Each structure stands twice: as C-alpha cells, then as structure tokens.
Amino acid sequence: MKRIITCFTTCFMAVILCFSLLACETTLEKTLDFAGDNRSELEKVLCHYHDNPQKLYAAKFLIENMQHYCVQNENLVFDAQYITSDFLIRNTDAAFESWNNSVWRDEIDFESFCRYILPYRVNDEPLSAWRDTLRNEYGHLTVGIDDPIKAFAKVYSTVVEKFNKTSNIVNGSLDVLSLHRILKGTCEQRSIYIVAVLRSLGIPAAYDCIPFWGNYSTSGHAWVAYVNDGRTFTVYVNDTIA
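Residues numbered from 1 in each chain as written. Predicted model: local features only at pLDDT ≥ 70, side-chain atom pairs only at ≥ 80, totals over all residues. Heavy atoms only, no water.

**A short note on helix 3 (residues 53-64)**
In this model helix 3 runs 16 Å from its N-terminal to its C-terminal C-alpha over 12 residues, within 8% of the 16 Å that 1.5 Å per residue would give. Looking only at helix 3, the buried set comprises K55, L56, A58, A59, F61, L62, I63 and E64. (Helix = DSSP H or I, 4+ residues; strand = E, 2+ residues; numbered from the N terminus. Expected span 1.5 Å × (residues − 1). Buried < 20%, exposed > 50% of the residue type's maximum accessible area, 1.4 Å probe, protein only.)

**Side note on the pattern of salt bridges**
Counted under the stated rule, the structure contains 10 salt bridges. Notably, a salt bridge pairs R115 with E111, separated by 3.3 Å at the nearest N-O pair. Linking R115 with E111, this pair stays in helix 5 (residues 110-116), spanning four residues, or about one helical turn. The class for E111 is exposed, based on a relative accessible area of 51%. Linked through salt bridges whose partners overlap, the residues forming this network are E29, D33, R39 and E43. (Salt bridge = Lys/Arg side-chain N within 4 Å of Asp/Glu carboxyl O.)

**What about helix 6 (residues 131-138)?**
For helix 6, every residue scored as buried is listed here: R131, L134 and Y138. An end-on view of helix 6 places all buried positions within 75 degrees of arc, on one side of the element. Packing partners of the buried residues in helix 6 comprise helix 4 (85-101), helix 7 (148-162), helix 8 (176-182) and helix 9 (187-200). (Arc of directions from axis to C-beta. Contact = heavy atoms within 4.5 Å.)

Distances and angles like these do not, on their own, reveal function.
Right under this line is the structure:
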C-alpha cells in the first residue's frame, strides 16, 4: 500500500511540474508572438544565455512579463515590439553584477532579485540604460554598510534630499537618465528615480503609490519601499526600518 501511495504521489507531482513548465513556456511563447517583427531580438537574448541557467531564467522572466508594458508617446509603444537584444542583455548583466558584487548578496533571494532589482523599468517611464551611471554616482554611499536595509535607508535619505520635488508636470514622461540630469520632478518621478538608484546598487526596491486620496488634496502620493523575502520596509515614521 505504501508503495502504491508513493508511486501515486510521485506521478502526481510530475504532472504538476509538467503543467507548470507548460504554462511558463506558453507565457513566453505568447510574448514572442506578440513581439511580431521584433521576435528575433527577444530570441537573441535567450540564445545569448543558453549556457547560463540563472541568467536564462532571468531573461525569460523579463520577456514573459513585458507583454503589457509600454510607453505612451504619440502612440502606445509596447516593449516587446521594439526593445533590443543589446538593451536587455546590458540590463541583465549589469543587474547581476550589482547583485553579485554587493556584500549583502546572500541575503537577497533570487525571486526578490528578479522582481525588485532586475527590471529595466520602474513604472511607465521611457527606457534608458541607467544602471552604470547611477551606480557610479551613488556607489560610495554603501561603502562600509553590510546590511541591505541600512543601505536602503542611507541611499534613500541622501537621494530624497538631493532631488527637488515640484508639482510642475513636464509634458510627456521623462526617462531615468533625464531625471538624473535635472534632479527635479513630481513625487512620482522622484520615487521612480530613487528606485532606479537603489536597484543599480543591488538593493531590492519597489515603487508604490496612491493615485488619489479620499479626503486629502486633489492628487495622490508615491513612495519607495525595500522588499525582500516577503518583508517590506519604508523610511516613514512608525514603519519597521533599521
């Protein structure tokens, strides 16, 4: 009887695994189909990492999740239909470099890395290759810090003071490198910039917002959070932070 139960359990788990892999591949294939003429650019990324399982998984993660992301200019431009293989490879390699070279690397699990360090965009801002520029600008802030939460707090407090928040909305969205040059923008733009800075340093960070308040002002609010291993921290009063 025990042998029958063990055999059944093994077969059941195998079926579940096959369905999981099939669903994953189906999502990937849907994005590749959606890419249209740009499909070859996405496939170049997959081929580039064919002998590196971890980076291949990361590349698939980005591609599977890009189908509905776009930039609103005169027309909607979907990432999958115009993003280049060179851009994705540079982003992926730079993200891994920041993660692997951080002293807190072992404290950041791979799922958190994929979700909160790896992404090439924070919200819906235009694309730009921001990782190297921001890491070179702010890397010195984390020297001597071995706790990622303390690093988050130090970088956040420094950048939030440096970036001039204004209510003047620039026509069109600004990419991260443009925000880096002017260091000025809305609450949303400041949060986008800070998240990009944190991610460039191998610190998992997320952009969060309230579009509108129910009983306060005519607009909402955006902020930045440290996210890792199911835990979330901000620098606001009464929240848990180092």
